[in-house]
Every structure is written in C-alpha cells, then in structure tokens.
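Given next are the chains, with one letter for each unit.
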Amino acid sequence: MGAKRRGVSAAPAAGKKRGKRDVCAELCAALSDPALKERATEAWERGESLHHEAAVVEPAPFRHGVIPGFLAEPAFAEALRDELLGLDFRRRQNDLLSLQQSEDLGARSEPHIAALRHALCEEFRAWLSAVTQIELEPTLDISCAKYEYTDVLLCHDDELEGRRIAFILYLVPAWEKSDGGTLDLYSTDEHLEPEQIIKSLVPSWNTLVFFEVSPVSFHQVSEVVSPKCRLSLSGWFHGPAAARAVRRSRAALPRSPHLPYDHEILYEWINQVYLDMDTQAQIQEEFEERSEILLKDFLQKEKYQLLCEALESQDIQWSSRGPANKRLYEAADEDSLPEGLKKFLQFLRSEALFLLLSNFTGLKLHFLAPSEEDEDAGEGQAADSAGHSSPKAGQEETGAGADGSPQQPASVAEAQDGEAQNGSGSTPVCTGELRHWTHGHYTLVHDTQATEFALDLLFYCGCGDWDPAYGGFTSYIAKGEDEELLTVNPEENCLALVYRDKETMKFVKYINHQSLAGQRQHPSSRGFWDFSFVYYE
C-alpha cells in the first residue's frame, strides 16, 4: 500500500438505513466476555502469555494475539470466502512480494464484505483498543490477498503512517506447515534488526491473527509450496503515531582504486573479440544509447570452465549476508578462495579492466579515458605530454595494433602522474564481492541503497539451465515505483554492464521453490554464482 491511506469509516453512508434482510457479521462470543478481555489486557500490558481456548496473547518476539473461530457463524465465513473469490485480483510482483491482491475493500458493497467491515470497525476495534490500550481510529485499511504456488511476502515491519495494529483473517482450506504460507515472526538484535525466525503461525480456517506494529514487528509470509490457495483478509487499524526507531547504518562494502595490472591480464582472461578496437567502438555506441549491454562468451572458454570448477571447491567459506529486511544470500570469504578465483578478482579490480570498461561505456574510469570536456574539444585531438589521449587512442591502449600485437597501456606510475597533472579531485574506484545464490535468497530495495551514478558489473557462473521463472534475476526500477526498467537474467559466461543514475534502484528477485526442481534434475547444481561489482568515476 502507498503511504497515503484510504480509510473506511464505521458509520453507514448518509441516507442509508440497515434493512431487515441486511447481513450481520457475528463475532465469536469470547469477545463479549468481560473476564477474558480483562485477562487479555493484563497479559498484553505486562508482556505475559495468555492461553485460552478462545484467545491467545503472546509477548514474544513482539506482542501478538490469535483468535480461532473469529466469525461465529460458519455459513457467514463460507459466504464471505465466496464473495472474496469473486473479486477482481491484480497480480503484484516487486522486490518484497509476489501475490494477487484485491483493491481496497473500504467501499465494496457485497453484503458479507460490508458486514465484516462494519464489525471490525465497531465491535472488534473497541475490543482491541481496550486490550492494547491504544486509542484506535474508527477507520481501517483492508484488502484481500491470494497466495498461490511460489507466492511470498518477505521480511518487513509494517511501519507506515499511523499503523498501530495489523490483522489477518484466514479463509484457507485445511492447511499444514509443509504447505508453506506461514506467518513467520522474527526476533531482533540490539540494533533492532531482524535476527531469526522464532515462531511460525500456520494459517487456519476462520482464525484471526493481530499484532502491534512497532520497530521490532518484523515478519514475513513464507513461500507457498503447495497448489492450495492461501486466501486472507488483512489490513491495519490506525492510531496516534508511535515513535519510530533510528536504524543502524551499516558500513558499505569498501571501495578501492584499481590494482596495478596492465594489458597482459586482459589477454589472459578475455575472449579476444572484445579486445578488438572496432568491437569496442560498437559496444560503446550501443551502451551509450541504452545504458546497458550484455557481452556473451566474455571469458575464454577454458578460463570459464576452470572458474566454474573452482567455485565448487569445498574449501570456500561462505557467510550469510543480512539482515533479512534487506537481503539474504551467501558471500565468499576472499581469503578462503582457490588461487584461480583470487586471480579473477584481481582481474576485475585491475587497471587494465578499468580502462577497458571506459572504452566499453564511454565513462571516465581511467585517466586515459576521454572526459566530456575532451570530447567537446574534438575527438581527433592528439595526446599531450601528460599522457592524455583522444577517444580513439584511449580505445587503442588495450586493443590490438595493426600487426595484431597488443598495445600496452600506460604504467601505473604514468597513470598517477597523469591524474596529478589532470588536477582531478576524484579517483575511479570499485567495490565488489563473489556471491552464491540458491532457493530462498534475495535482496530488497531499501532507503539506504547508494543513490549515486554508478556502473554495475555482473558476471554469472553455473547457471546454464537457470530459468528466469525461478527468480534470481537482477531488476532495476525507478525510485518509488514498481515497474521494471530493466531485467538482467543469469546467463552462462555473460558480462552484464548497467549504468544507473541517482534515482535508479536494484534488487535480486527472490529465488523460489521451482528452482529446487531444476536442482533435482541436475544434482550437482547448487544454485549459481555471480561476481557483483560496482565502478564509480
């Protein structure tokens, strides 16, 4: 839902009277029991547990409650389900979720939907206000969601514009934990970041779950892994805004300038076609037009094979990257890598590659690469004594000469002198890591993502049979929007280059249950790997 909420008032519209045949939503008798309400209120306030056959209140990992048999009449619940299934649903897919959702139900006139809405706004709101001691407004957000095979809602806290109590009413068939679709509740660490799932609530017919929205109310709907339809009504009661937590700002991956490796490292790794001047010019022309390009068969075949074999090494130490409200994947400890992988990382950080990427993209990632000022001064300008070159000469630095022999780029010492004489205040830098992706892994868009101009480099390994339907692709979106600008799918021995501006965000789509079927067909497969690097001018 957007930040601007659409509330529905409990009061009937002016001029309308409730007729004799109007449908009424009867809630369970327990909500009318003063003794139970008092016990629930005490438990909520003291942070204690209450276990009653008609209501459960728990303080951990954050305050929440469960009310089985929420609707008193079984026939009403069934009719409500039928009305909901008759609604129009819109498929929603973004970094956080994959599901089908109805429009906001605040104005729907279907009798059972309208009756439930009224009961929630009146009787249930009053009960919740008494138990939680929060003065809830007589409005609520409410919609219906259908989760089917591979649908998921990833870790988040629900904090947004006055939301105080969240609720979910399940209208599901017989459901088991093995079907997925559980409501998973996370514990948090000392920095108020989600740590681990410590409780999973299995959906159950006509059961309502509610919880307090707070800085620690991290939860998710786990992936549905059966053909059943997980139907639910959910929404929020609003009230006086609560204090928002100040989140920890995690240190970004360290950035570093290029390593002193010259043109020879390019000839050691790269498919020779990409070292041809004319090819580089064509790549730059296409990249400048589209801001992205995919270079197939980028590495020499034998080098790529050795790389894939090295990635299967049992000696590599992988650590999980989190927290879950931002990302979940495995990153390699570089010190544990076999020598071949260490050398490939050196290649990705090499001076020669910085210059080659400049030639591919037109960006100034090396002092020899022409800047916009150079281009304005004229493409044919000769290099000056400081080692500056024209665009064509810059391309020739890593390309082959007329006789087919490699032309050597300037040395590191010359590059440093050149930068000093340039008077440039910024040195091109890069950052990157080797990542492993498998079922359940993802990254999310979040406010602390770097918002600056950058060149993304992605190089994939071990994804020959990967189907985009599994997820695992990298998606680019405009800040604040769901619509994809670009999708980069994992593809064997392909180098993807994408230039993004300050308003472009990216995420890796959740890898779903379908990927496990692919792994069963190829038992040696353990997902795939990518080398993810970012270069800054």
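What you are looking at is a predicted structure, and each value in this text was computed from that prediction instead of being measured.

Q: Looking at this structure, how should I read the overall build of the chain?
A: In terms of regular secondary structure, the chain is built from 12 helices and 25 strands. Looking at the chain as a whole, 52% of its 537 residues are labelled buried. For the chain, restricting intrachain contacts to residue pairs at least 6 apart in sequence, the fraction spanning at least 24 positions comes to 79%. Accessible area of the chain: about 24,800 Å², with a carbon and sulfur share of 47%.

Q: What is the right way to read a negative patch on the surface from this model?
A: On the surface, Glu38, Glu42, Glu45 and Glu48 cluster together into a patch of negative charge. Within the secondary structure layout, Glu48 lies in the loop between α1 (34-46) and β2 (50-52). Among the residues examined, Glu48 registers a relative accessible area of 40% and is labelled partly exposed.

Q: How do you make sense of the packing of α1 against helix α3 (residues 111-132) when you look at a structure like this?
A: Describing two packed helices takes the angle between their axes plus the distance from one axis to the other. Interhelical geometry of α1 versus α3 gives an angle of 45° and a closest axis separation of 7 Å. Between α1 and α3, the crossing angle belongs to the class labelled oblique. Contacts from Lys37, Ala40, Thr41 and Trp44 in α1 reach Trp127, Ala130, Val131 and Thr132 in α3. Each residue belonging to the contact of α1 with α3 can be placed in one class, and the counts come to five nonpolar, two polar and one charged.

Q: Is there a simple way to explain the environment of Phe70 in this structure?
A: Relative to the helices and strands, Phe70 resides in the loop between β4 (64-67) and α2 (74-85). Considering only alpha carbons, one finds Phe70 and Ala54, 16 residues apart in sequence, at a separation of 8.8 Å. Setting aside its immediate chain neighbours within four residues, Phe70 contacts Glu26, Leu27, Cys28, Leu31, Leu116, Leu120, Phe124, Leu169, Asn206 and Leu208.

Q: Just checking my understanding: could you explain unusual backbone geometry for this structure?
A: A negative phi holds for most residues other than glycine; trans holds for most peptide bonds. Looking along the chain, the bond that leaves Ala60 and enters Pro61 is cis, with omega of 0°. If you trace the backbone, Pro61 turns up in the loop between β3 (55-58) and β4. At the junction of Gly322 and Pro323, the peptide bond is cis and its omega measures out at 5° in the coordinates. As for its position among the elements, Pro323 is in the loop between β16 (318-321) and β17 (327-332). With a phi angle near 60°, Leu192 is a residue other than glycine that sits in the positive phi range. Along the chain, the position of Leu192 falls in the loop between β10 (183-188) and β11 (194-201). According to the relative accessible area criterion, Leu192 is partly exposed, its value standing at 28%. Here the phi dihedral of Asp297 falls at roughly 50°; this positive angle occurs in a residue that is not glycine. With respect to the helices and strands, Asp297 occurs in the loop between β15 (292-295) and α6 (301-311). Overall, Asp297 belongs to the partly exposed group, its relative accessible area being 47%.

How each quantity is defined
Residues numbered from 1 in each chain as written. Predicted model: local features only at pLDDT ≥ 70, side-chain atom pairs only at ≥ 80, totals over all residues. Heavy atoms only, no water. Helix = DSSP H or I, 4+ residues; strand = E, 2+ residues; numbered from the N terminus. Buried < 20%, exposed > 50% of the residue type's maximum accessible area, 1.4 Å probe, protein only. Contact = heavy atoms within 4.5 Å. Areas by Shrake-Rupley, 256 points an atom, 1.4 Å probe, with all protein chains shown as cover. Patch = residues over 30% accessible without salt bridge, like charges linked within 9 Å, V, L, I, M, F, W, Y side chains within 5 Å. Salt bridge = Lys/Arg side-chain N within 4 Å of Asp/Glu carboxyl O. Lys, Arg positive; Asp, Glu negative; His and termini not counted. Charge placed at Lys NZ, Arg CZ, Asp CG, Glu CD. Axes fitted to C-alpha atoms, helices over the stretch in contact; angles between N-to-C directions. Parallel < 35°, antiparallel > 145°, perpendicular 65-115°, else oblique. Nonpolar A, V, L, I, M, F, W, Y, C, P; charged D, E, K, R; others polar.

From the geometry alone we can't say anything about function, so treat these as descriptive.
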